[in-house]
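Given next are the chains, with one letter for each unit.
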Number of protein chains: 2
Amino acid sequence: MRAVGIVVEYNPFHNGHLYHVTESKRAAKADVVIAVMSGNFLQRGEPALVSKWNRTKMALEGGVDLVVELPYAYATQKAESFANGAISILEALKCTSFCFGSENGDISSFTGALNALKKHQQEYDSAIKGFLKEGFSYPKSLSLAYKETAGTAVSLDLSKPNNILGYHYVKAAAGQEASIEPQTIVRTSAGYHDEELPDCSIASATSIRKAIFSDGSSDISQYVPKSTEALLSEYREEFRGYHNWESYFHLLKYMVSTLSQEELRQIYEVEEGLENRINQTIYSAENFHEWMNKMKTKRYTWTRLQRLSTHLLTKTTKQQMKNIPEKAPYIRLLGMSKEGQAYLSAIKKSMTVPVISKLSAFQHPMLELDKKAGNVYASIFPEDVRVSMHHQEYSTPPLRYNRVSSTYE
Amino acid sequence: MRAVGIVVEYNPFHNGHLYHVTESKRAAKADVVIAVMSGNFLQRGEPALVSKWNRTKMALEGGVDLVVELPYAYATQKAESFANGAISILEALKCTSFCFGSENGDISSFTGALNALKKHQQEYDSAIKGFLKEGFSYPKSLSLAYKETAGTAVSLDLSKPNNILGYHYVKAAAGQEASIEPQTIVRTSAGYHDEELPDCSIASATSIRKAIFSDGSSDISQYVPKSTEALLSEYREEFRGYHNWESYFHLLKYMVSTLSQEELRQIYEVEEGLENRINQTIYSAENFHEWMNKMKTKRYTWTRLQRLSTHLLTKTTKQQMKNIPEKAPYIRLLGMSKEGQAYLSAIKKSMTVPVISKLSAFQHPMLELDKKAGNVYASIFPEDVRVSMHHQEYSTPPLRYNRVSSTYE
């Protein structure tokens, strides 16, 4: 059996994702699609719109056969560690290839850029340092250094968000000497960060979330599969709302008020006097957006500050994020189709990384972070829902989806 | 000018308190009444019904001339430390006497009990240890040891809550070699812990709070001064509700979910494996009351567990509560009448403990705990209210009340 791996967040699953699943499977001539999906907190430092369980259902009903969780320690990081964690999991799951959507669409551009930068590694590194010193943000410095180093020799535009992620996937696979093959397909029209809903059937997740949080009159049915639409309403019904930073801001402020300056400094991503800036700004902000605007500088991107906020909300310390291995030490199974289950049975014996079906069956410091993230994510639920959610997280086996009957077992 | 000191919580201020203020002033032949009042968290380990600012107004409008805050480090402790902090403040404020309400009502019973126990200190101490070993709670062990040691020689019943507090006030004054004189008056009818509203005009604060949190049909006007009634409605209007443990339970659970076992163990009052018990019980509880019932054992009283919860909510560690001085190192002024202001001016030069009018003007590790408690208390307000509350806490001078015109300046 051939498997193709994809790296996803599904926040929420939309028609563009459906296209990505279908095209990846076709391009890789794969029998099953395996998605490594971020849990409840995402790479841009945001809580997911709906829980990982709901998003796992979206994935399964959208054609994915096996959904595994990208641990918190990778999922909330910048592209490099994010990619390392994700690719290592797909490699451990014996995927023949992984396939990502990119603005570029040509895999040789990625390998070309990788080789070009490897050749000029020192020049590249010192250029990055130079731009950082000038006060540019980290992603901006990377992109400027890349332009300066690679020049016109390569065709990959590393200022585009999906090209950046893709570049890091390819780099991770090469760095880990993985046997998994990189593939890419062109992303269809919608830009990653687009905020407005377009006319066609594919919109960015950003614009879809914006519509969901608007007054409720916006109709997203044009942009998402029927299953996503049903799962979203089901979620709102059961959990009495969706999640965004605004729903967690009161907890963030509470957390800050219980931490000393020294403890704030120990939070991951709190650097260079940011602990003072946090204390000086948070108490006068009435919402998260207002607070971000008070925190924002040229040096710190919105994403960087959101990631910091995520670690603050979960009280994740530098100490806890030290020594995170490049390759994931476990794989947590969230859901599978019959086909996914058959694939897993076939490869399980030859796997070297443990697959976790139940939280109680495995212990690892990194898994403690995942548990914590789950509990923190549930903090905004009404208490009765929170109790049942906690029970689900700890006691429910992975979701089993029957694609023929469209039911869960 | 003669001042009488009283130790209060005013949760909320009721007719019994009014009687206490008036009678204390009369008994002490005092010109002014000084109240040392717990801040936002109280001795039984509960958040106050309304903020300390609102309760300061109740006190001023009820006849108190100077309201100062009992620091968090004393206010949330068992009787001994609570009394030490409170009496040291009244002594520092040059009160001629302090006057407490008690079930007993005769001050010689208190000094008699104190002397009797001093004589048999060793016997008393080892009796306490013995009862603790048998698994009795701390207060129960004290009371049993007292009975065993003092026997019928003294007339003070130390199983009554106000006698216990009074005993510790008298003990604190003696221990600190204070010049302040102890006085007591008999508490009128209502029992400290009574839960039902009685027929007369005096009800326990417990029963009044119970009525306030009931369906709203209960009328408390018979039991509180008109000013209290007005201040309570004003508070509910402005802050959109009252405070009790149920309003903070979601934060408590959130806090627990962000702390490691080791960090839980470092919380003040978390002892002897209680960290496991907390983790094992809190996630399946839908409310605070349910959780307390899961936590409760013979060894740990409800009050003890509520205090632990308070320290957990404010993330107050053993380290932070180490080395709390017996005598308060500062006095935070919350409010005063013209008479109180005149008294303070008269004694200020001869005072040895700093009086704080503005939070920014003084620094002390214990004051950090007070600030933290204030911020945590405000965590359940809507964000706009929370911002203005924070501003008040940090930037507003003490309340100045004009008793003649019944206005604030």
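The numbering scheme is per chain: residues are counted from 1 as the chain's sequence reads. Chains carry letters from A onward and ligands carry numbers from 1 onward, assigned in written order. At least 70 in pLDDT is required for a residue's local features to be given in this predicted model, at least 80 for side-chain atom pairs to be given and counted, and no such filter applies to totals for whole chains, interfaces and linings, which use all residues. Hydrogens and water molecules were not included; the side-chain quantities draw on all heavy atoms of the structure.

## Thoughts on the overall build of chain A
In DSSP terms, a helix is any run of H or I states spanning at least four residues, a strand is any run of E spanning at least two, and both are numbered starting from the N terminus. Of the regular secondary structure elements, chain A holds 18 helices and nine strands. C-alpha atoms define the radius of gyration, and 2.2 Å times the number of residues to the power 0.38 defines the globule rule. Relative to the globule expectation of 22 Å for 409 residues, the C-alpha radius of gyration of chain A, 21 Å, shows essentially globular dimensions. Here the C-alpha coordinates of chain A stretch approximately 55 × 55 × 45 Å along the principal axes. Looking at chain A residue by residue over its 409 residues, the buried ones come to 57%. The criterion used for residue contact is that any of the two residues' heavy atoms lie within 4.5 Å. Excluding contacts between residues fewer than 6 apart, the proportion of contacts in chain A whose partners are at least 24 apart in sequence is 75%. Roughly 16600 Å² of accessible area belongs to chain A as shown, and the carbon and sulfur atoms make up 50% of that amount. Within this scheme the basic residues Lys and Arg register as positive and the acidic residues Asp and Glu register as negative, but His and the chain ends are omitted. Charge positions come from single atoms, namely NZ of Lys, CZ of Arg, CG of Asp or CD of Glu. Looking at chain A, you have 47 positive and 45 negative side-chain charges, and the mean spots of the two groups are 4 Å apart. Categorising residues by exposure relies on relative accessible area from a 1.4 Å probe, with only protein chains included: less than 20% of the type maximum marks a residue as buried, more than 50% marks it as exposed, and the intermediate range marks it as partly exposed. Reported accessibility uses the Shrake-Rupley method at a 1.4 Å probe radius. Residues are deemed covered only where the shown protein chains occlude them.

## Some details on helix H13 (residues 274-282) of chain A
Residues and elements named next belong to chain A. Within H13 the residues assigned to the buried category are Leu-274, Glu-275, Ile-278, Thr-281 and Ile-282. Looking straight down H13, one finds its buried side chains confined to an arc of 145°; they lie on one side. Taken together, the buried residues of H13 touch helix H11 (245-258), helix H12 (261-265), helix H14 (288-295) and helix H15 (302-313). As used here, the arc is the angular range of directions from the helix axis to the C-beta atoms.

## Things to note about the relation of the copies chain B and chain A
Two chain copies here: they are related by a rotation about an axis and a translation along the same axis. Least squares is the method used to superpose the copies, on C-alpha atoms of residues holding a pLDDT of at least 70 in both. Structural alignment of chain B on chain A gives an RMSD of 0.0 Å, achieved by rotating through 180° and translating 0.0 Å along the axis. Between the two chains, the operation in question is that of a two-fold axis. The residues that chain B uses at the interface reappear at the interface of chain A in 100% of cases, marking a shared surface.

## A look at the pattern of salt bridges
Salt bridge criterion: a side-chain nitrogen from Lys or Arg within 4 Å of a carboxyl oxygen from Asp or Glu. Enumeration over the complete set of coordinates arrives at 44 salt bridges over all chains. B:Glu23 is the partner of B:Arg26 in a salt bridge, and the nearest nitrogen-oxygen pair spans 2.7 Å. Placement of the pair is B:Arg26 and B:Glu23 together in helix H1 (residues 15-27), with a separation of three residues, close to one helical turn. You can call B:Glu23 buried: its relative accessible area is 16%. Where B:Glu262 meets B:Arg265, a salt bridge forms, and the shortest distance between an N and an O atom there is 2.8 Å. Taken together, the residues span about one helical turn, with B:Glu262 and B:Arg265 both in helix H12 (residues 261-265) at a distance of three residues. The partly exposed category is assigned to B:Arg265, whose relative accessible area is 34%. What you see here is one network of salt bridges that share partners, running through A:Lys52, A:Glu69, A:Arg332 and A:Glu393.

## Remarks on the domain arrangement of chain A
Domain start and end points were adopted from an automatic or database domain assignment. Per the domain assignment, the segments of chain A are domain 1 (3-105 + 186-191 + 220-243 + 327-408), domain 2 (119-159) and domain 3 (246-323). Here domain 2 of chain A and domain 3 of chain A have C-alpha centroids that lie 28 Å from each other.

## Regarding the environment of B:Ser337
All names here are of chain B. By secondary structure assignment, the location of Ser-337 is in strand S6 (residues 331-337). Remark: the alpha-carbon pair of Ser-337 and Glu-148, spanning 189 residues in sequence, is separated by 47 Å. Of the polar contacts made by the side chain of Ser-337, one reaches the side chain of Asp-65; its length is 2.8 Å. In protein, a polar contact requires one atom able to donate a hydrogen and another able to accept it; more generally it is a pair of N or O atoms within 3.5 Å, and residues adjacent in sequence count only if both atoms are side-chain atoms.

## Considering the confidence of the model for chain A
A residue's pLDDT is simply how confident the predictor is in it, with values from 0 to 100. Of the residues in chain A, 96% have a pLDDT of 70 or more, and the chain-wide mean is 92. Predicted complex, confidence summary: ipTM 0.91, pTM 0.92.

## Digging into the packing of aromatic side chains
Residues and elements named next belong to chain A. Centres within 6.5 Å are what make two rings of Phe, Tyr or Trp a pair, Trp counting through its six-membered ring; a difference in plane orientation under 30 degrees is then read as stacked, over 60 as edge-to-face, and the rest as tilted. Enumeration according to the criterion identifies 40 aromatic pairs over all chains in this entry. For the pair Phe-100 and Tyr-169, a centre-to-centre distance of 5.8 Å together with 65° between the ring planes defines the contact as edge-to-face. Pair noted here: Phe-100 is in strand S4 (residues 97-102) and Tyr-169 is in helix H8 (residues 161-175), with a separation of 69 residues, a long-range link. For Phe-100, a relative accessible area of 4% gives the class buried. By way of ring pairs, the aromatic residues Phe-41, Tyr-72, Trp-245, Tyr-248, Phe-249, Phe-288, Trp-291 and Tyr-377 are connected into one cluster.

## So, the packing of helix H6 (residues 121-133) of chain A against helix H7 (residues 138-150) of chain A
Residue and element names in this part refer to chain A. All axes here are fitted lines through C-alpha atoms, helices being fitted over the stretch that makes contact, and every angle between N-to-C directions spans 0 to 180 degrees. The N-to-C vectors of H6 and H7 enclose an angle of 135°; their axes lie 8 Å apart at closest approach. Viewed along their axes, H6 and H7 adopt a mutual orientation that is oblique. The way H6 lies across H7 gives a crossing that is right-handed. Between H6 and H7, the residues in contact are Glu-123, Tyr-124, Ala-127, Ile-128, Phe-131 and Leu-132 and Tyr-138, Ser-141, Leu-142, Leu-144, Ala-145, Tyr-146, Glu-148 and Thr-149, respectively. Following the grouping adopted for this structure description, the nonpolar residues are Ala, Val, Leu, Ile, Met, Phe, Trp, Tyr, Cys and Pro, the charged ones are Asp, Glu, Lys and Arg, and the polar ones are all others, Gly among them. Its residues assigned to classes, the contact of H6 with H7 shows ten nonpolar, two polar and two charged. Orientation labels follow simple angle bins: below 35 degrees gives roughly parallel, above 145 gives roughly antiparallel, 65 to 115 gives roughly perpendicular, and whatever is left gives oblique. Working rule for handedness: look at the near helix, and if it is turned counterclockwise from the far one by less than a right angle, call the crossing left-handed; if clockwise, right-handed.

## Details of the interface of chain B and chain A
With 27 residues of chain B in contact, the opposing surface of chain A contributes 27 residues. Summed over both partners, the accessible surface that disappears when two parts come together, traced with a 1.4 Å probe, is what is meant by buried area. Counting each side, the surface lost to burial between chain B and chain A is near 2500 Å², with a carbon and sulfur contribution of 58%. Seen at the junction of chain B and chain A, the total is four salt bridges. For B:Lys315, the salt bridge is made with A:Glu263, and the minimal N-O distance between the two is 2.6 Å. Applying the counting rule to chain B against chain A returns eight residue pairs in polar contact (both at pLDDT 80 or more). When residues of the side of chain B that touches chain A are traced back to their parent elements, those giving at least two are helix H11 (245-258), helix H15 (302-313), helix H17 (365-377) and helix H18 (383-395) of chain B. The element that contributes the greatest number of residues to the side of chain B that touches chain A is H11(B), accounting for eight residues. Classifying every residue of the side of chain B that touches chain A by side-chain character gives eleven nonpolar, eight polar and eight charged.

## Examining the environment of B:Ser102
Its place among the elements puts B:Ser102 in strand S4 (residues 97-102). Apart from the residues within four sequence positions on either side, B:Ser102 is in contact with B:Phe110, B:Asn162, B:Asn163, B:Thr184, B:Ile185, B:Val186 and B:Arg187.

## Looking at the side chain of A:Lys253
Inspection of the secondary structure puts A:Lys253 in helix H11. Side-chain polar atoms of A:Lys253 contact the backbone oxygen of A:Ala285, separated by 3.0 Å.

## Structural notes on the packing of H11(B) against H15(B)
Residue and element names in this part refer to chain B. At a minimum axis distance of 9 Å, the contact between H11 and H15 shows a crossing angle of 60°. Accordingly, the angle class assigned to the pair H11 and H15 is oblique. Of the two possible hands of crossing, H11 and H15 adopt the one that is left-handed. For the pair H11 and H15, the contacting residues are Trp-245, Tyr-248, Leu-251, Leu-252, Met-255 and Val-256 in the first and Gln-306, Ser-309, Thr-310, Leu-312 and Leu-313 in the second. For the contact of H11 with H15, a count of residues per class yields eight nonpolar, three polar and no charged.

## Some thoughts on the environment of A:Ala48
All names here are of chain A. One can find Ala-48 in the loop between strand S2 (32-38) and helix H2 (52-61). For Ala-48, a relative accessible area of 0% gives the class buried. Spatially, the C-alpha atoms of Ala-48 and Glu-23 are 25 Å apart, while their sequence positions differ by 25 residues. Once residues lying within four places of it in the same chain are set aside, the contact partners of Ala-48 are Asn-11, Gly-39, Asn-40, Leu-42, Arg-55, His-243 and Tyr-377.

## Side note on the pairing of S4(B)
Residue and element names in this part refer to chain B. Counting buried residues in S4 gives six out of six residues, a clear majority hidden from the surface. Side chains Ser-97, Cys-99 and Gly-101 of S4 all project onto a buried face; the interleaved residues Phe-98, Phe-100 and Ser-102 project onto the opposite face, where all are buried too. Bridging between strand S1 (residues 3-8) and S4 involves two bridges; their strand directions are parallel. Residue pairing in the sheet places Gly-5 in a bridge with Phe-98 of S4. Criterion used throughout: strands pair if DSSP finds at least two bridges between them. Relative to strand S5 (residues 181-186), S4 runs parallel, the two sharing six bridges. Along S5, the bridge assignment pairs Phe-98 with Pro-182.

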